[in-house]
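# Chains, contacts and geometry: an overview
So the chains spell out like this:
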Amino acid sequence: MRRWQGDGIYFGGDYNPEQWPEETWSEDVDLMRQAGVNLVSVGIFSWALLEPTPGRFEFGWLDRVLDLLHDGGVQVDLATATASPPPWLARAHPQTLPRRAGGAILWPGGRQAYCPSSPVFRERSLELVRAVAGRYAEHPAVVMWHVSNELGCHNVHCYCDVSAEAFRGWLRERYGDLDRLNDAWGTAFWSQRYGDWAEINPPRDAPTFANPTQQLDFLRFSSDEQRAQLRAEREVLQTLVRQPITTNFMIGLGVKYMDYHSWASDVDLVSNDHYLTAADPQAHLGLALAADHTRGVAGGDPWLLMEHSTSAVNWQPRNVAKLPGQMRRNSLAHVARGADGVLFFQWRASRAGAEKFHSALVPHAGPDTKVFREVCQLGADLRALAEVRGSRVDADVAILFDWEAWWGVELDSHPSADVTYADRLNALYGSLWRAGVTADIVHPSTDLNGYRLVLVPTLYLVRDADVAALHRYVEAGGTAAVTYFSGIVDADDHIRLGGYPGAFRELLGVRTEEFFPLREGEQVHLDDGSTADVWTEWVHPDAAEVLASYTDGPLPGVPALTRHRVGDGAAWYVGTRLDEPATDRLVARLLAEADVRPAAPAPSGVEVVRRRDADRTWLFAINHTDTEVRLPAHGVELLTGGYCVGELALPAGEVAVVREDRPDAVAVKEVP
Ligand code: GAL
């Protein structure tokens, strides 16, 4: 792995100077300096300008841009520029265009109009990477390389004939022979048996439900094909450049189809893009979850927020602008959760094109604006936080997450359309957030030693080895909680027989004989006062202690919540969809049992996270409420330079970062 350079927190965004006359560029650099911008991503959508006709490269404009940035002290994350092919590619090679499941072609005119399995696209894109990297490998402004852009954002699933052939190749690799494929796909069902590889296609539009394992394998294949582009570009870069290589992931619950756990080893640093669902007043919880997940993908290392927005985006139905102070809270929440850089899309708001109503660091109205003033403030804040760079985030709780389980659980023809992957994850995460507890969101194969509590929401598809590891973790004294519709199938999406929750039956000490999903809107009640909906099941508490049972609904008297002692630990099972207050109570019990404490005892609506290095800790506190709050803290507050002795007063909407003194040092400090 190549190390990142520099010693502060990165601050900046996508810079698209090609959208502007050259006279604007020096003003851009002046404003960047004013704002404290120290890193910009350049060239992301520049293929058509860099290679206006096949094989003829024009680098003059980019030479001038990079020199100007370098003279202004702004570093560059240089794109390989392969994100969106120029129109000439499709004209010369129409077979590079992707197709939908129904056969419709996706034409150029938007972006990413290429088939991810196209050998022609691969060859032409790598030629561009070679040309760009060859030219700028030694440019002093370039500190990082940015492969493509949001790989798979629009073209992850292509159903064309080229993709079909690539899918067959991927399946041969996975299964070796057709008998194994027929077995894995369960093709004895509905007369689907394949006698020749050539008979197999991607799951194109079919009269009814397509084979679920075929669907699952196609999703795996599609993620791998996108990853293959990353790896191919990385391979070229590695021979030509020495700077670290990244690509912007889209970790969050809005983007489902890239298995980033498997991609993480292909980048030198993990970077992520995150956009709020701005109309959601609780959107900062989704932000925190995405940040904790990005850190999980990064194996706990610091990561880079490659894109977020200063204010509104352009692609939601109603693009709500950020209120004063909100951008700062959002950006610093990412830093609190392990980001060592916060960048935005984009530097200057476009005049033309599909994203002209997307916010930027420099809005249409220019620098005399709330947005640009807040951008300058953020630049100053990040300079004040330079010392946190490289530190890690404290987390005693792990939440297991697997993209394959997400794909599996949301396949069609399941017991209830109301069971979604995000649902219990969001619910449990929300309860932790409200309790001031940070979680690492990690793959089920992650080493769990060192966590006090492990939460397992809706892990429908799970591998035996990961179940065994969780078992050992509990036996050794850990606490785990598993929610309904977990452990149901193996990696082939075959039911684990003998009763649900299949793989977790032994760990949880329960056996379910039948699911009883609820009607839309139907609620049930538990004898501990909880309310639930969506899901109930006929649980037999074979070895587990019953903590709560249904008082009504289809299964009165049947257990809904159980706990099973295993070795020195305990495994809890949640067999229904508890509402928010009941989930908060459940999580409070789990935290108490596992002895997990919040980063600081904080009033409701205040986000608290702690970062730590070998000898210092920093407490981040973000006040999402509209009143001043007080919380215990002692040390230097880095954003104001003030000192807190025992208590931090945090005004409405404000953020504080306290370099904490050891408690025994507090007594001797005076208020300055
Ligand atoms: C990202 C993308 C950027 C820009 C942004 C708008 O998905 O990488 O190029 O389109 O969204 O929010």
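The structure under discussion appears in the preceding block.
Within each chain, residue numbers correspond to sequence positions counted from 1 in written order. Local features in this predicted model are restricted to residues of pLDDT 70 or higher, and side-chain atom pairs are both shown and tallied only at a pLDDT of 80 or more, whereas totals for entire chains, interfaces and linings draw on every residue. Excluding hydrogens and water, the side-chain values take into account all heavy atoms of the structure.

This part takes up the overall build of the protein. To qualify as a helix, a DSSP run of H or I must reach at least 4 residues; to qualify as a strand, a run of E must reach at least 2; elements of each kind are numbered from the N terminus. Within the protein, the secondary structure is distributed over 18 helices and 29 strands. Atoms considered for the radius of gyration are the C-alpha atoms alone. The globule rule reads 2.2 Å times the number of residues to the power 0.38. Relative to the compact-globule value of 26 Å for 672 residues, the protein shows a C-alpha radius of gyration of 26 Å, a close match. Overall, the protein is about 80 × 75 × 40 Å in size when its C-alpha atoms are taken along their principal axes. The buried share of the protein, taken over its 672 residues, is 60%. Under the scheme applied here, a residue whose accessible area is under 20% of the maximum for its type counts as buried, over 50% as exposed, and between as partly exposed, the area being computed with a 1.4 Å probe on protein chains only.

Counting buried positions along helix H11 (residues 326–336) gives 11 out of 11 residues, so the element sits mostly inside the fold. Of the residues flanking the end of H11, it is glycine 338, one or two places downstream, whose phi is positive at about 110°.

As a further point, take the environment of proline 203. In this fold, proline 203 is placed in the loop between helix H7 (178–185) and helix H8 (212–240). Judged by its relative accessible area of 14%, proline 203 is buried. Residues proline 203 and phenylalanine 218, 15 residues apart in the sequence, show an inter-C-alpha distance of 7.3 Å. When residues no more than four places from it in sequence are discounted, the contact partners of proline 203 are Ala101, Tyr159, Ala210, Gln214, Gln215 and Phe218. Any two residues whose heavy atoms approach within 4.5 Å at even a single point are treated as in contact.

This part covers the packing of helix H6 (residues 161–175) against H8. The convention used is that axes are lines fitted to C-alpha atoms, helices contributing only their stretch in contact, and that angles between N-to-C directions extend from 0 to 180 degrees. Where H6 contacts H8, the axes come no closer than 10 Å and their chain directions differ by 105°. By the angle class used here, H6 and H8 are roughly perpendicular. Facing H6, whose interface residues are Ser163, Ala166, Phe167, Trp170, Leu171, Arg174 and Tyr175, H8 presents Gln214, Asp217, Phe218, Arg220, Phe221, Asp224 and Glu225. Its residues assigned to classes, the contact of H6 with H8 comprises seven nonpolar, two polar and five charged. The scheme is simple: roughly parallel for angles under 35 degrees, roughly antiparallel for over 145, roughly perpendicular for 65 to 115, oblique for anything else. Residue type decides the class: Asp, Glu, Lys and Arg count as charged, Ala, Val, Leu, Ile, Met, Phe, Trp, Tyr, Cys and Pro as nonpolar, and the leftover types, Gly among them, as polar.

This part takes up the pairing of strand S24 (residues 617–623). Side-chain positions along a regular strand alternate between the two faces of the sheet. Most of S24 is tucked away: seven of the seven residues are buried. Burial along S24 is two-sided: the residues Thr617, Leu619, Ala621 and Asn623 and Trp618, Phe620 and Ile622 are all buried. Bridge analysis of strand S23 (residues 606–612) against S24 gives seven bridges, and the strand direction is antiparallel. Following the sheet pairing, arginine 611 is matched in S24 by tryptophan 618. What makes two strands pair is DSSP finding at least two bridges between them. In this structure, the hairpin formed by S23 and S24 is closed by a connection of four residues. Across five bridges, S24 lies against strand S29 (residues 655–660) in antiparallel orientation. Residue pairing across strands places phenylalanine 620 opposite valine 657, the latter belonging to S29.

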